Protein chains: 4
Amino acid sequence: MIVRDEINNFLEAEFPQINGDYEIINFSSENISILNHISQKHLRPGGTVSGPTMFALADVSFYIAILANIGTHRSVVTTNCNIDFLKKPSPVNLIAKPRIIKLGKSLIVGDVFIYSEGINEPVARANLTYSYR
Amino acid sequence: MIVRDEINNFLEAEFPQINGDYEIINFSSENISILNHISQKHLRPGGTVSGPTMFALADVSFYIAILANIGTHRSVVTTNCNIDFLKKPSPVNLIAKPRIIKLGKSLIVGDVFIYSEGINEPVARANLTYSYR
Amino acid sequence: MIVRDEINNFLEAEFPQINGDYEIINFSSENISILNHISQKHLRPGGTVSGPTMFALADVSFYIAILANIGTHRSVVTTNCNIDFLKKPSPVNLIAKPRIIKLGKSLIVGDVFIYSEGINEPVARANLTYSYR
Amino acid sequence: MIVRDEINNFLEAEFPQINGDYEIINFSSENISILNHISQKHLRPGGTVSGPTMFALADVSFYIAILANIGTHRSVVTTNCNIDFLKKPSPVNLIAKPRIIKLGKSLIVGDVFIYSEGINEPVARANLTYSYR
């Protein structure tokens, strides 16, 4: 498993547009958690967090879990994401917990649960497939 | 079917953060097309359009197709999106073509094909379910 | 939570065609496991279990988890299943572990992991949505 | 494109358990249709066709569309299926129309619409991904 700083440096270079939105708050081989700082640009009328915000968080979190497992020197792309929106999130920060279920020879499959900070029930659950070489 | 201006006004109010990113370029009961103006903020290293950009386009396009069918006075939320990323998009504008497959009593199911402007093969295909009341 | 016998009786009536294929091997509010007795009719050339066998097991297992939670007197139908086939199963019995993630007012969302008996890594993972009234 | 007889022979060998259930009723590069003969074993109480029957039809139909494109000598496996059940099918034969959307170097993506024979609105829509080598 690579170190957290290496991933942070990589993300700053790879995703400059979103730099500062995400923070790795847990990082071990057993447990990775990513916090998404929610601000005005992520909200929708009615005071809820937008769907694309949750999709982006699922995608970047799972990507970080992959980097943690295979390093930053491989070419990795999302091939599929299936996301269920389970309940309306409050307008607070989101926490994502990615998990790798299968690390195959060319496909990586897993899921991400997304929570409003401080609330136990998930607001969304995503299943992702990445291909890599 | 409601008129295009009514939808444009509604989108400006509902999604102020993305105002100007999207343009309805076809709008009939048979054929709706939405153009996504791609700029620096939508790109990733390697000169490709980000996954969250395509997800957001799929979501807003299908939402517009729903509004066109049921009007703007109902409460509608995305419950699921399954998106396949089929090929790396060029760094050009995207065109989305949403289609409603089932307009049920509480669920609306359909798909959206996304194209790089001027290219025939889709770069992504999304299937969406919305619930409404 | 209803008792196991009530569910067994219900399944015999509801699914006479598959009677005997499935066995509830764990049944508590925390942990439901369903065993699928694999025989010649479930196999494919190469000595593997067919995809439709795994789909059917995911569907019936999640249905049993729903019955355990809401009883047998409601009308419940599968509206969506997203299933990932993770590795080729051995030609042995399968074990399914269903889990309800959201029990909403009209939709129930959850997942099912499927294992070859005696092997730790899942062969398939399904996400299901049921609607009920 | 290979000939229909070659596919029929291959299916008889590959899927002996289901021999006779399926019939290729259209077979051209533009249009493949598969009929599923529905009998007692495919039904559920209430006189409807079971979900696993529709899943199996989607899977075999898409497989036939793949064989038609790449021949019968490659190793092909289903990696994902996302199926929406759109309306309760009548207890009559089903017709499936598979379509390949992307024929990549290692992944094949497409969809299958399923109809009750003689009825215009689909009863199910499946999206499938196969990997091959």
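To start, this report covers the structure provided alongside it. (Residues numbered from 1 in each chain as written. Chains lettered and ligands numbered in written order. Predicted model: local features only at pLDDT ≥ 70, side-chain atom pairs only at ≥ 80, totals over all residues.)

Thoughts on the pairing of strand β8 (residues 124-132) of chain B
All names here are of chain B.
Here is step 1 of the chain: β8 sits mainly inside the fold: seven of its nine residues count as buried.
Here is step 2 of the chain: Inspection of the sheet shows strand β5 (residues 76-85) paired to β8 by nine bridges, in the antiparallel sense. From the neighbouring strand, Asn80 faces β8, where its bridge partner is Thr129. (Buried ≥ 20, exposed ≤ 12 C-beta atoms within 10 Å, placed from the backbone. Helix = DSSP H or I, 4+ residues; strand = E, 2+ residues; numbered from the N terminus. Pairing = 2+ DSSP bridges.)

Brief notes about the sheet that holds strand β7 (residues 107-116) of chain D
Here is step 1 of the chain: The antiparallel open sheet is built from twelve strands, whose spatial order is β1(C)-β2(C)-β6(C)-β7(C)-β8(C)-β5(C)-β5(D)-β8(D)-β7(D)-β6(D)-β2(D)-β1(D). Edge positions in the sheet fall to β1 (22-27) of chain C together with β1 (22-27) of chain D, since each has one partner strand and no second. Averaged over all neighbouring strand pairs, the angle between strand axes comes to 25°, with direction disregarded.
Here is step 2 of the chain: Docked against the sheet, helix α2 (residues 51-70) of chain C engages β1, β2 (32-36), β5 (76-85), β6 (94-103), β7 (107-116) and β8 (124-132) of chain C together with β5 (76-85) of chain D, running at close to 50° with respect to β6(C).
Here is step 3 of the chain: The sheet contacts of helix α2 (residues 51-70) of chain D involve β5 of chain C together with β1, β2 (32-36), β5, β6 (94-103), β7 and β8 (124-132) of chain D, and relative to β6(D) the element is tilted by about 50°. (Axes fitted to C-alpha atoms, helices over the stretch in contact; angles between N-to-C directions. Contact = placed C-beta atoms within 7 Å.)

What to know about the interface of chain D and chain A
Buried accessible area, meaning the area lost when the parts come together, often serves as the stated size of an interface.
Here is step 1 of the chain: With six residues of chain D in contact, the opposing surface of chain A contributes six residues.
Here is step 2 of the chain: Sort the elements by how many residues they give to the side of chain D that touches chain A and β5(D) lands first, with three residues.
Here is step 3 of the chain: Of the residues contributing to the side of chain D that touches chain A, the split by class is one nonpolar, five polar and no charged. (Nonpolar A, V, L, I, M, F, W, Y, C, P; charged D, E, K, R; others polar.)

So, the nonpolar core
Here is step 1 of the chain: Membership of the largest hydrophobic core comes to 144 residues, with the highest contact counts inside it found for Ala58(A), Ala58(B), Ala58(C) and Ala58(D).
Here is step 2 of the chain: Not counting residues up to four positions away in its chain, the partners in contact with Ala58(C) are Cys81(C), Ile83(C), Ala96(C), Val112(C), Ile114(C), Ala126(C) and Leu128(C). (Core = buried A, V, L, I, M, F, W, Y, C linked by C-beta atoms within 7 Å.)

A closer look at the sheet that holds strand β1 (residues 22-27) of chain B
Here is step 1 of the chain: In space, the twelve strands of this open sheet follow the order β1(A)-β2(A)-β6(A)-β7(A)-β8(A)-β5(A)-β5(B)-β8(B)-β7(B)-β6(B)-β2(B)-β1(B), with antiparallel pairing throughout. Only two strands of the sheet have a single partner each, and these edge strands are β1 (22-27) of chain A together with β1 of chain B. Taking each pair of neighbouring strands and ignoring which way they run, the sheet shows an average axis angle of 25°.
Here is step 2 of the chain: As defined by bridge partners, strand β7 (residues 107-116) of chain A adjoins strand β8 (residues 124-132) of chain A across eight bridges and the pair is classed as antiparallel. Bridging from a neighbouring strand, Phe113(A) pairs with Arg125(A) of β8(A).
Here is step 3 of the chain: Each of β5 (76-85) of chain A together with β1, β2 (32-36), β5, β6 (94-103), β7 (107-116) and β8 of chain B is contacted by helix α2 (residues 51-70) of chain B, which is oriented at about 50° to β6(B), the strand it contacts most.

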